[in-house]
Amino acid sequence: MTLKIKKLLFSLLLFLAMQLGYSQLGFSHEIGVIAGPVAYQSDFGERYDFETNSGNVGFGIGIVYYMNFEYLRFYSYRRRNSYFRDHFKVRAELSYNKTTLNHYGIWADKNSASGEKLKAHSGEASNLELGAQLEYYPLSIKRFSRRGGGKWAPFISLGAHFVSYNPSVMTTYGDQNINNINNFYPGWEPGSITEEAGSTWAIVGSLGTRYKLTPLSDLMVDLRIQSYFSDTTDGLDHQLPSNKTNDWLVWLNFGYIFYFD
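The structure displayed is predicted, hence computed values, not measured ones. (Residues numbered from 1 in each chain as written. Predicted model: local features only at pLDDT ≥ 70, side-chain atom pairs only at ≥ 80, totals over all residues. Heavy atoms only, no water.)

A.B. asks: Can you walk me through the overall build of the protein chain in this structure?
C.D. replies: Helix and strand counts for the protein chain stand at six helices and nine strands. Residues counted as buried form 47% of the 261 residues belonging to the protein chain. As presented, the protein chain carries roughly 13,200 Å² of accessible surface, and 63% of it is formed by carbon and sulfur atoms. (Helix = DSSP H or I, 4+ residues; strand = E, 2+ residues; numbered from the N terminus. Buried < 20%, exposed > 50% of the residue type's maximum accessible area, 1.4 Å probe, protein only. Areas by Shrake-Rupley, 256 points an atom, 1.4 Å probe, with all protein chains shown as cover.)

Printed below as a string of structure tokens:
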């Protein structure tokens, strides 16, 4: 896990160094921080249950970098009306989210051995991610950046993240040994419970807006849906019919963006 974190950090630093080098070509750069609550959707709890959705909530934080194509120093008349440069930005991100997971719903509330096993079982999803998104702004980016050009800039985005995950598992039932399948819900096969770290990919989509705070800074909020290509990021991957999807999350981000070039 430590080696993977170092590789991700090195990749981000290398990427930023390359992009800062592109400043000589006239690109504008932005950097910022994001943070907010994460609702983790996994094999913990009952699908579509309010208590599950409200209880399995963690926190995420990240560093974001934007390449803004609109302000090329070598600006020419022929490129002045480029739709792409006036409505798209590339966003790179290094982020981390962590969520404590518990079982909720009617099956965990049952006064039975299976219910007790579910209530005694908890876990933690911990993900370090590096990736990029393409953001689309329906309104003009250049107009938004001008003084008096408008306070709001809504956007939608789509991208992909490389994910290094490291789940943890706990139980207070029986001998509390997570390798003893008898301490967990009946019907889960051996191998369903795992603390093995790994890596995967995730598709990321979001809807949000920026608010112009000063000529060189914005506030940002976006609601993200993120779908992992793995079902073991939470440390649980049983094969019962109720396990229909891979792990995914909803993340409400609040951010501060600064224009530094």
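A.B. asks: Hey, could you run me through a nonpolar patch on the surface in this one?
C.D. replies: Together, I31, V33, I63, L213, L216, L219, Y256, F258 and F260 make up an exposed nonpolar region whose accessible area comes to about 730 Å². Looking at the nonpolar patch, the elements with two or more residues in it are β1 (28–41) and β9 (248–259). (Patch = residues over 30% accessible without salt bridge, like charges linked within 9 Å, V, L, I, M, F, W, Y side chains within 5 Å. Salt bridge = Lys/Arg side-chain N within 4 Å of Asp/Glu carboxyl O.)

A.B. asks: When you look at the pairing of strand β4 (residues 121–136) in this model, what are you seeing that I'm missing?
C.D. replies: Each regular strand carries side chains that alternate between the two faces of the sheet. Across the 16 residues of β4, twelve count as buried, placing the element largely inside the fold. As defined by bridge partners, strand β3 (residues 88–102) adjoins β4 across 15 bridges and the pair is classed as antiparallel. Residue E93 lies in a different strand from β4, and its bridge partner there is G131. Strand direction decides the pairing type here: β4 and strand β6 (residues 168–171), joined by four bridges, are antiparallel. Residue pairing for β6: G123 is matched across the bridge by V169. (Pairing = 2+ DSSP bridges.)

A.B. asks: Where do I start with the nonpolar core in this structure?
C.D. replies: Ranked by size, the top nonpolar core spans 29 residues in total, and within it Y40 and W188 carry the most contacts. Within the residue set of this core, elements represented by two or more residues are β1, β2 (57–68), α6 (141–145), β5 (152–165), β8 (217–228) and β9. Element by element, the count of residues in this core is highest for β9, at four residues. If sequence neighbours within four positions are ignored, W188 has contacts with H103, L118, H121, I181, I193, L236, H238 and L240. (Core = buried A, V, L, I, M, F, W, Y, C linked by side-chain atoms within 4.5 Å. Contact = heavy atoms within 4.5 Å.)

A.B. asks: How should I be thinking about the pattern of salt bridges in this particular structure?
C.D. replies: Pairing is possible between side chains that carry opposite charge, provided their charged atoms lie close to one another. What the rule picks out here adds up to ten salt bridges. Counted as one network, the salt bridges with shared partners bring together E30, K89, R210, K212 and D218.

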